[in-house]
Amino acid sequence: MNDMQTEVLPVDPIHPDPAIIARAAELLRSEQLVVFPTETVYGLGADALQAHAVEKIFAAKGRPHSDPLIAHIADEHDLEKVASNIPTIAWKLAHTFWPGPLTLILPAGPHIPHVVTAGLATVAVRMPRHPVALALIRATGSPIAAPSANRFMHVSPTTAQHVLSDLSGRVPLILDGGSCTVGVESTILDLCGDIPTILRPGGTSLEALRTQLPTVQAPTRRAPQHKERHDEQQALKAPGQMLIHYSPSVPAFLFEGTSEMIRATMLAEVQRRQAQGERVGILIADEDLATFQESGALIYTLGRTNEPEQIAARLFAGLRVLEESGVQVILCRSFSEQGLGLAIRDRLLKATGGKVFPA
Ligand code: TXA
Ligand code: MG
């Protein structure tokens with residue numbers, strides 16, 4: 001289905017032109033797809049209440065129907081349009097963290113099509129913080145179902161250019177609002193079990209959630225399995241928790257330890273691979289630059305190690321820049337797990353398929 005002309009329409013990320021938003025909303029109401037920026041990553045949107053429209057998301061992404069979608073709303077009270085039996089804690093969290101990068105898993109409401117929830121009894125819902133996303137949801141007059149706007153299993157897009165390189169010819173319209181400011185996807189918090197549990201760490205930190213919900217359980221750490229494949233049965237039990245899910249198209253490795261250890265082992269690995277004629281890309285911190293400047297590796301710096309917001313914002317762009325540069329391998333340094341660091345580590349583990357140095 002690469003037969004469609006994809007239009008990229010620039011839109012002011014802070015004061016979006018109402019005429020542009022109206023045009024995009026009209027497409028959504030007529031069961032078409034629209035890609036739009038959120039504060040986390042770009043989303044591939046369809047009217048969440050029209051099953052035929054939502055179907056097109058799965059076709060455009062090449063995503064299996066067993067993987068459910070997030071319903072995006074523009075007003076706290078629209079929670080009732082998508083969920084039912086909403087617990088008090090959900091209202092409290094919505095009040096504190098919305099609009100923002102927090103997705104709540106709640107009992108699904110009666111009007112939400114099965115294609116959105118993958119037939120589960122629960123629904124994922126969030127209110128994004130991006131003015132374009134909010135304006136678009138309001139103008140559409142309906143919740144918007146949207147996964148990240150990448151091809152299935154690829155790195156999430158944080159610019160319209162990333163979207164275009166994955167979905168050109170597969171969607172009619174991309175609203176280009178520039179780079180996403182958070183840069184990693186929302187935190188997914190399951191409020192349907194006995195203990196509130198983070199299913200995916202993301203743009204809302206564990207520490208911030210704990211201030212409102214002290215019992216919140218951190219995401220479970222899964223043992224890395226190198227050859228893990230997508231399996232529909234497994235996806236149904238644990239949606240979104242496949243390890244290889246955000247992978248660049250070239251092999252990647254994660255380097256752990258103190259900064260000194262990381263620099264030493266990574267530099268040795270760069271030299272070993274270059275001696276075999278490989279082109280090597282590295283994803284490092286500003287502080288590592290002096291070590292690698294003369295190494296011959298292709299360098300992408302993410303920011304200072306103590307600024308996880310900046311690292312998160314540049315992470316997916318870094319993976320894409322390196323994979324497109326023609327390197328044969330990407331070596332990534334690891335970061336502290338504090339704040340957004342937990343999400344950064346999760347995405348690096350996924351991008352590297354759990355291939356860690358030292359093993
Ligand atoms: O920041 C974000 O969350 C972005 C922007 C566009 O909002 N969206 C996003 O969507 O990352 P997606 O589809 O790429 O990831 C959503 C994850 C999926 O892994 C899905 O399995 C999980 O949420 N999910 C959706 N509904 C669920 C449910 N009812 N129970 C458990 N997990 C669910
Ligand atoms: Mg995704």
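If you're wondering where the values come from, they're calculated on a predicted model, not measured in any experiment.

The rules behind these values
Residues numbered from 1 in each chain as written. Chains lettered and ligands numbered in written order. Predicted model: local features only at pLDDT ≥ 70, side-chain atom pairs only at ≥ 80, totals over all residues. Heavy atoms only, no water. Pairing = 2+ DSSP bridges. Helix = DSSP H or I, 4+ residues; strand = E, 2+ residues; numbered from the N terminus. Axes fitted to C-alpha atoms, helices over the stretch in contact; angles between N-to-C directions. Contact = heavy atoms within 4.5 Å. Near = heavy atom within 4 Å. Polar contact = N/O pair within 3.5 Å; in protein donor to acceptor, adjacent residues only side chain to side chain. Areas by Shrake-Rupley, 256 points an atom, 1.4 Å probe, with all protein chains shown as cover. Nonpolar A, V, L, I, M, F, W, Y, C, P; charged D, E, K, R; others polar. Buried < 20%, exposed > 50% of the residue type's maximum accessible area, 1.4 Å probe, protein only. pLDDT = per-residue confidence, 0-100. Salt bridge = Lys/Arg side-chain N within 4 Å of Asp/Glu carboxyl O. Domains from an automatic or database assignment. Buried area = accessible area lost by both parts, 1.4 Å probe. Arc of directions from axis to C-beta.

J.: I tried to follow the sheet that holds strand 4 (residues 70-72) on my own but got confused; where do I start?
T.: The strands that make up a sheet pair up through hydrogen bonds in the backbone, lying either parallel or antiparallel. Reading across the sheet, the ten strands line up as 1-8-2-3-7-4-6-5-9-10 and stay open at both edges, with mixed pairing between neighbours. Where the open sheet ends on each side, the last strands, each with one partner, are strand 1 (7-10) and strand 10 (197-200). Along the sheet, successive strands turn relative to each other by an average axial angle of 35°, direction set aside. Here strand 9 (residues 187-190) runs beside strand 10; their pairing, made up of three bridges, is antiparallel. The residue bridging Asp 190 from the neighbouring strand is Thr 197, located in strand 10. Strands strand 3 (43-47) and strand 7 (144-146) of the sheet are contacted by helix 2 (residues 51-61), whose axis makes an angle of about 155° with strand 3. Against the sheet, helix 4 (residues 88-97) touches strand 5 (102-107) and strand 9, its axis set at about 160° to strand 5.

J.: Looking at this structure, I do not really get the site of ligand 1. What am I missing?
T.: The full set close to ligand 1 counts 25 residues, and Thr 40, Asp 67, His 72, Ser 186 and Arg 200 are the nearest of them. Within the side chain of Thr 40, one N or O atom sits 2.7 Å away from an oxygen atom of ligand 1. Separating an oxygen atom of ligand 1 from a side-chain N or O atom of Arg 63 is a distance of 3.0 Å. Notes on ligand 1: free accessible area 680 Å², of which the protein chains cover 97%. When contributions to the shell around ligand 1 are tallied by element, the ones reaching two or more residues are strand 4, strand 6 (122-126) and strand 10. With four residues, strand 6 is the single largest residue contributor to the shell around ligand 1. Of the residues belonging to the shell around ligand 1, the class tally is 13 nonpolar, seven polar and five charged.

J.: So what exactly am I meant to see when it comes to the side chain of Thr 159 here?
T.: Secondary-structure assignment places Thr 159 in the loop between strand 7 and helix 7 (160-167). The buried category is assigned to Thr 159, whose relative accessible area is 19%. Sequence-distant contacts of Thr 159, that is, excluding residues within four places in its chain, are made with Tyr 42, Gly 178 and Ser 179.

J.: It is not clear to me how the confidence of the model for the protein chain should be interpreted in this structure. Could you clarify?
T.: Looking at the protein chain, the pLDDT average stands at 93 and 92% of residues meet or exceed 70. Here helix 9 (residues 232-237) is the element of the protein chain with the lowest mean pLDDT, 46, and strand 2 (residues 34-36) is the one with the highest, 99. Below a pLDDT of 50 lies the segment residues 223-238, which in the model reaches 28 contacts outside its immediate sequence neighbourhood of four places, other chains included.

J.: It is not clear to me how the pattern of salt bridges should be interpreted in this structure. Could you clarify?
T.: Two side chains with opposite charge may pair up if their charged atoms get near one another. In total, this model carries 17 salt bridges according to the counting rule given. Between Arg 347 and Glu 185 there is a salt bridge, with its nearest N and O atoms 2.7 Å apart. In this pair, Arg 347 sits in helix 13 (residues 341-351) while Glu 185 sits in the loop between strand 8 (173-176) and strand 9, placing the two residues 162 residues apart along the sequence. Its relative accessible area of 3% is what places Glu 185 among the buried residues.

J.: What should I look at first to understand the domain arrangement of the protein chain in this one?
T.: Interfaces are often sized by the amount of accessible area the parts lose when they come together. You can read the domains of the protein chain as domain 1 (7-212) and domain 2 (252-357). Distance between the C-alpha centres of domain 1 and domain 2: 29 Å. Contacts between domain 1 and domain 2 engage 23 residues on the former and 17 residues on the latter. Summed over both sides, the interface of domain 1 with domain 2 buries roughly 1,500 Å², with 58% coming from carbon and sulfur. Sorting the residues of domain 1 by area buried against domain 2 places Val 155, Val 184 and Pro 201 first, and these three jointly supply 34% of that buried surface. Our enumeration of links across domain 1 and domain 2 arrives at two salt bridges. With a shortest N-O distance of 3.2 Å, Arg 320 and Asp 166 are connected by a salt bridge. Summed over the shared surface of domain 1 and domain 2, the number is eight residue pairs in polar contact (both at pLDDT 80 or more). Secondary-structure elements contributing two or more residues to the side of domain 1 that touches domain 2 are helix 7 and helix 8 (206-212). Among the elements that line the side of domain 1 that touches domain 2, the one with the most residues is helix 7, at three residues.

J.: Before we go on, may I ask you to explain the environment of Phe 253 in this structure?
T.: Mapped onto the elements of the fold, Phe 253 is located in strand 11 (residues 252-255). Residue classification places Phe 253 among the buried residues on the basis of a relative accessible area of 15%. Not counting residues up to four positions away in its chain, the partners in contact with Phe 253 are Arg 273, Val 329, Ile 330, Leu 331, Cys 332, Thr 352, Lys 355 and Phe 357.

J.: Can you walk me through helix 7 in this structure?
T.: Given 3.6 residues per turn, any residue in an α-helix points the same way as the ones three and four places further on. Taken residue by residue, helix 7 has Ala 160, His 162, Val 163, Asp 166 and Leu 167 as its buried positions. For helix 7, the angular spread of buried residues about the axis comes to 155°, placing them on one side. Elements that come into contact with the buried residues of helix 7 comprise strand 1, strand 2, strand 3, helix 2, strand 8 and helix 12 (308-324). Once helix 7 finishes, Gly 169 follows within two positions and takes phi at roughly 85°, a positive value.

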